[in-house]
Amino acid sequence: MNWIKFALIGLGFLAIFASCGQSSRPSEQPQIMADSAQAKDPKQRNKPLPPMSVEELLETPTMEGRVATSADVRSGLAHFSFNPGEGTLVHQFLALPMPFFAYRKSDRFMDTVLVIYQAERLGDDTLMAWRNGWNERGQNYIQDLLVGTTGEPFQASDFSGYRESHEEKLVKELERRGS
């Protein structure tokens, strides 16, 4: 029977030593974080560097000077194609000085730079295709993106030629009404 007593005493000591250093009460001192933003949203901070170099990202082929077709999407040159019916909606490409940097509004910390390589307007909707440093491609409506250099929403002046074409339409309409 002595060996059973020693075994029970040994197990008791083992349990006591195993629980040393562990507190069942929460710490009374708050944990100090080096990055206060990390405390708010740890999944959004300290991202690894993307595998693509900036040079490679800047070499993304862009859709400039025309709207994309289904063939452009199949070949990988474009990300989307509206292919609207004739005369149903106004469809135009939007000229941006490419490559154009942007961020998604949902990216609170602006950690992921997007390179815009396609911008088109269909009726009242403007859609932009992007590529990021992880070689992911996607598309967002213009109201969901911010200009990469300023962090501000897109303006008509960001599109080269857009303001001029709008003014030309206005002048033509005024001339038509005046004659």
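Refer to the structure above for everything that follows.
Computed from a predicted model, the values in this text were never measured in an experiment.

Below, the discussion takes up the overall build of the protein chain. Broken down by element type, the protein chain carries five helices and six strands. Taken from N to C terminus, the helices and strands of the protein chain fall in the order α-α-α-α-β-β-β-β-β-β-α. Out of the 179 residues in the protein chain, the part that is buried amounts to 24%. For the protein chain, the share of sequence-separated contacts (at least 6 apart) that also reach a separation of at least 24 residues comes to 54%.

What follows concerns the pairing of strand β2 (residues 100–104). Pairing of β2 with strand β3 (residues 114–122), which is carried by three bridges, proceeds in the antiparallel orientation. Bridge pairing in β3 places Phe 101 opposite Val 115. Of the strand pairs in this sheet, β2 and strand β6 (residues 145–147) are connected by three bridges, and their pairing is antiparallel. Considered in β6, the bridge of Tyr 103 is made with Leu 146.

Within the secondary structure, Gly 123 sits in the loop between β3 and β4 (125–132). Residue classification places Gly 123 among the partly exposed residues on the basis of a relative accessible area of 23%. For the pair Gly 123 and Gln 92, spaced 31 residues apart in sequence, the C-alpha to C-alpha distance is 8.9 Å.

What follows deals with unusual backbone geometry. With a phi angle near 50°, Met 110 is a residue other than glycine that sits in the positive phi range. Tracing the chain through its elements places Met 110 in the loop between β2 and β3. The class for Met 110 is partly exposed, based on a relative accessible area of 31%. The phi dihedral of Asn 135 falls on the positive side, at around 60°, and the residue is not glycine.

Counted under the stated rule, the structure contains three aromatic pairs. Among the aromatic side chains, those forming a connected cluster through ring pairs are Phe 100, Phe 154 and Phe 159. In this structure, Arg 137 packs its charged tip against the face of Tyr 117, placed 5.2 Å from the ring centre.

To continue, consider the side chain of Gln 118. Here Gln 118 lies in strand β3. For Gln 118, the side chain forms a polar contact with the main-chain oxygen of Phe 80, separated by 2.9 Å.

Cut-offs and rules
Residues numbered from 1 in each chain as written. Predicted model: local features only at pLDDT ≥ 70, side-chain atom pairs only at ≥ 80, totals over all residues. Heavy atoms only, no water. Helix = DSSP H or I, 4+ residues; strand = E, 2+ residues; numbered from the N terminus. Buried < 20%, exposed > 50% of the residue type's maximum accessible area, 1.4 Å probe, protein only. Contact = heavy atoms within 4.5 Å. Pairing = 2+ DSSP bridges. Phe/Tyr/Trp six-rings, centres within 6.5 Å; stacked < 30°, edge-to-face > 60°. Lys NZ or Arg CZ within 6 Å of the ring centre and 35° of its normal. Polar contact = N/O pair within 3.5 Å; in protein donor to acceptor, adjacent residues only side chain to side chain.

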